[in-house]
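Coordinates in review
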Amino acid sequence: MRRTSASLVAGALVAALAWSSGPSSPAIALDPSPGVADLTQDLNQILADSRLTIGRAGVVVRSAESGEELYATDAGKLMIPASNTKLFTSAAAVETLGLDYRFATTVLHSGRKLGSVVNGDLVLRGTGDPTMLAEDYDALAAQVAKAGVKVVTGKLVADDTWFDSVRLGQDWAWDDETAYYAAPISALTASPDRDYDAGSVIVSVAADGGKLKVSTTPESDYLKIVNRATVGASNNVLIERQHGTATVVISGTVASSYSEWVAVDDPTAYASSLFRKALAGHGVKVLGKTVTGAAPKDAKELAARESMPLSELLVPFMKLSNNIHAEILTKAMGRKVTGQGTWAAGLKVSTDFAKANGVEVLNIRDGSGLSRRDGFTPASIARLLTAVRAKPWFQTWYDALPIAGNQDRFVGGTLRSRMRDTAAADNVRAKTGSLTGATALSGYVTSADGEPLVFSIMLNQYLSGSPKDIEDKIAIRLAQFTRAAAVNDAADRRRAASAEQPGDLECSWLKPVQC
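We now turn to the structure provided with this report. (Residues numbered from 1 in each chain as written. Predicted model: local features only at pLDDT ≥ 70, side-chain atom pairs only at ≥ 80, totals over all residues. Heavy atoms only, no water.)

A look at the pattern of salt bridges
- Within the structure shown, the criterion is met by 24 salt bridges.
- The salt bridge involving Lys348 is made with Asp352; its shortest N-O contact spans 2.7 Å. One end of the pair, Lys348, and the other, Asp352, are both in helix α8 (residues 343-356), four residues apart, so they sit about a helical turn from each other.
- Asp352 gets classed as partly exposed once you look at its relative accessible area, which sits at 37%.
- What emerges from the salt-bridge pattern is a single network uniting Asp49, Arg51, Asp469 and Lys473. (Salt bridge = Lys/Arg side-chain N within 4 Å of Asp/Glu carboxyl O. Helix = DSSP H or I, 4+ residues; strand = E, 2+ residues; numbered from the N terminus. Buried < 20%, exposed > 50% of the residue type's maximum accessible area, 1.4 Å probe, protein only.)

See below:
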């Protein structure tokens, strides 16, 4: 007899509630004052967009200080949050791990060290640091050499046991397996850049004197490159890793330089290959092969590196909506609280944090929002945004949110190209969220009266064409909001309507085009 798992039931509940609710009904003013009545009328008009005819829109706006609800439509309906899930993950991580939390990567040896020879194994042990670059593995190798080690008679052991061996989220789409924004999760990994896209490699092609040049960042022989591309009159090139392998196939034509971020199939093997190459570069020879396993309890430390603190990591994590950071932090929370670096343990920590702060969490399946079975309500997100304002770490967390219209990539983040030259620019601080057919924007805005507001906008199952401009129009209107009178700034609204809108994915996911 077939059994139906609890996760399938939860997923079915998300889908059933999503389809049963039908289109949103216009909201009725919750306050008789002219300003609130006018706000309600304007938001209803914005949400009457034809793209939402068969779609769903859940919106809630509250006073951040009093909790007064200024606007609500389908605020209690379950919807797909996409990367708004990171609001819960990041807040729980800061509360659980602390702003000073750092990931440690260490090198140890077993057996005895006699002069320049280690009669035993060399162990590379990780705890999930997503900021490790090739140069950081090189620095660890330099420390080993500085300790006087020249020969290791045993093996190079890659210890990734801080986390479990489950690499991919159980609900993630199969065709995302090679995409860098869905890279596999491991306690040992490496990033190719300072966006810290852990578990990926940048594969670049360029036409050079009639010949095709292929390179990788970092330089590594971990991937097997199969080049079937040719020099042509225009760029029409595909760089793609074959599923479940370390083989990258390049096809098409190349006229100018082009790069693609590619997820590796095994981040532990990738990281250990970088370290082994660095050891050789510093004159340290490991006679045995590379294997995986746990460091012996009596292993002695030779080298160590700590990451930047979580307070700093929040910036690339939240500004650029980095999925891998979210999943690593989820497993790190599980490891700290229960001793188990698993998704199940970490997600329970996030759920318990939310509930302890008066937030109802209906279904959380991963830390990033890649799962289409994640389910939240706009009201639950607004409650979280209100509750965390009382936390001692709030300002640091708040500063890590993307800022509308600010062109500095590590300030504006995924909102840097949105709401420019409007009342929302350098005002709205919010988390974006994007999957095909689902978009969300939730965060904070200061009204024209100087009143801090929290808001959550979730749009699901809409017709073709990204409705992010609807989110922007609502956010701009909130920035214009005054309780005393109606607002009529048609110029701001025209700018929002005519602004170039992003597509269905987070702009930070669309490398090499940067948001």
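Remarks on the side chain of Thr216
- Turning to its location among the elements, Thr216 is positioned in strand β10 (residues 211-217).
- For Thr216, a relative accessible area of 17% corresponds to the buried category.
- Reaching out from Thr216, the side chain makes a polar contact with the backbone oxygen of Pro218 at a distance of 2.9 Å.
- There is a polar contact of 3.4 Å between the side chain of Thr216 and the backbone nitrogen of Ser220.
- Discounting residues that sit within four places of it in the chain, Thr216 has contacts with Val201, Ile202, Val203 and Ile225. (Polar contact = N/O pair within 3.5 Å; in protein donor to acceptor, adjacent residues only side chain to side chain. Contact = heavy atoms within 4.5 Å.)

Topic: the packing of helix α3 (residues 85-97) against helix α7 (residues 323-338)
- In contact at an axis separation of 10 Å, α3 and α7 are set at 40° when each is read in the N-to-C sense. Taken together, the axes of α3 and α7 lie oblique to each other. Read as a crossing pair, α3 and α7 show a hand that is left-handed. The residues of α7 that touch α3, namely those facing Lys86, Thr89, Ala92, Ala93, Thr96 and Leu97, are Asn323, Ala326, Leu329, Thr330, Ala332, Met333, Lys336 and Val337. (Axes fitted to C-alpha atoms, helices over the stretch in contact; angles between N-to-C directions. Parallel < 35°, antiparallel > 145°, perpendicular 65-115°, else oblique. Left-handed = near helix turned anticlockwise from the far one by under 90°.)

A look at the sheet that holds strand β1 (residues 56-63)
- Here we have five strands laid out as an open sheet, ordered β2-β1-β21-β20-β19, and antiparallel in their pairing. Whereas interior strands pair on both sides, the edge strands pair on one side only; in this sheet they are β2 (69-73) and β19 (429-435). Strand-to-strand, the axes of this sheet are offset by a mean angle of 5°, without reference to chain direction.
- Looking at chain direction, strand β20 (residues 438-446) and strand β21 (residues 452-460) are connected through nine bridges and run antiparallel. Residue pairing across strands places Val445 opposite Leu453, the latter belonging to β21. (Pairing = 2+ DSSP bridges.)

Regarding unusual backbone geometry
- A cis geometry characterises the amide bond from Thr217 onward to Pro218, with omega recorded as 0°.
- Within the chain, Ala82 stands out as a residue other than glycine whose phi angle is a positive 50°.
- With respect to the helices and strands, the residue Ala82 is situated in the loop between β2 and α3.
- We classify Ala82 as buried; its relative accessible area is 1%.
- In this structure, Asp426 takes a positive phi of about 55° despite not being glycine.
- Here Asp426 lies in the loop between α11 (409-412) and β19.
- Judged by relative accessible area, Asp426 falls into the exposed class, the value being 51%.

What to know about the sheet that holds β10
- A sheet is described by the order of its strands in space; here three strands give the open sequence β10-β9-β15, paired in antiparallel fashion. Among the strands making up the open sheet, the edge pair consists of β10 and β15 (258-263). Neighbour-to-neighbour, the strand axes of the sheet open up by a mean angle of 20°, direction not taken into account.

Here we look at the environment of Ala479
- Within the secondary structure layout, Ala479 lies in helix α12 (residues 468-480).
- Beyond its immediate sequence surroundings of up to four residues, Ala479 is in contact with Ala423, Ala424, Asn427, Val445, Thr446, Ser447 and Ala448.

With respect to the packing of aromatic side chains
- The final tally for this structure, using the stated rule, is 10 aromatic pairs.
- Ring geometry for Phe88 against Phe376: centres 4.4 Å apart, planes inclined by 15°, an arrangement best described as stacked. Taken as a pair, Phe88 in helix α3 and Phe376 in the loop between α8 and α9 (378-387) lie far apart in primary sequence, 288 residues in all.
- Both rings, one in Phe394 and one in Tyr444, keep their centres 5.6 Å apart while their planes meet at 75°; by these two values the pair is edge-to-face. Here the residue Phe394 occupies a position in helix α10 (residues 394-399), and Tyr444 occupies one in strand β20, the gap between them amounting to 50 residues.
- Classification of Phe394 by relative accessible area gives buried; the value is 11%.
- Exposure remark for Tyr444: the relative accessible area of 5% places this residue in the buried category.
- Feature note: the residues Trp393, Phe394, Trp397, Tyr398 and Tyr444 constitute an aromatic cluster, connected by ring pairs.
- Taking NZ or CZ as reference, Lys331 lies 4.2 Å from the ring centre of Trp343, over its face. (Phe/Tyr/Trp six-rings, centres within 6.5 Å; stacked < 30°, edge-to-face > 60°. Lys NZ or Arg CZ within 6 Å of the ring centre and 35° of its normal.)

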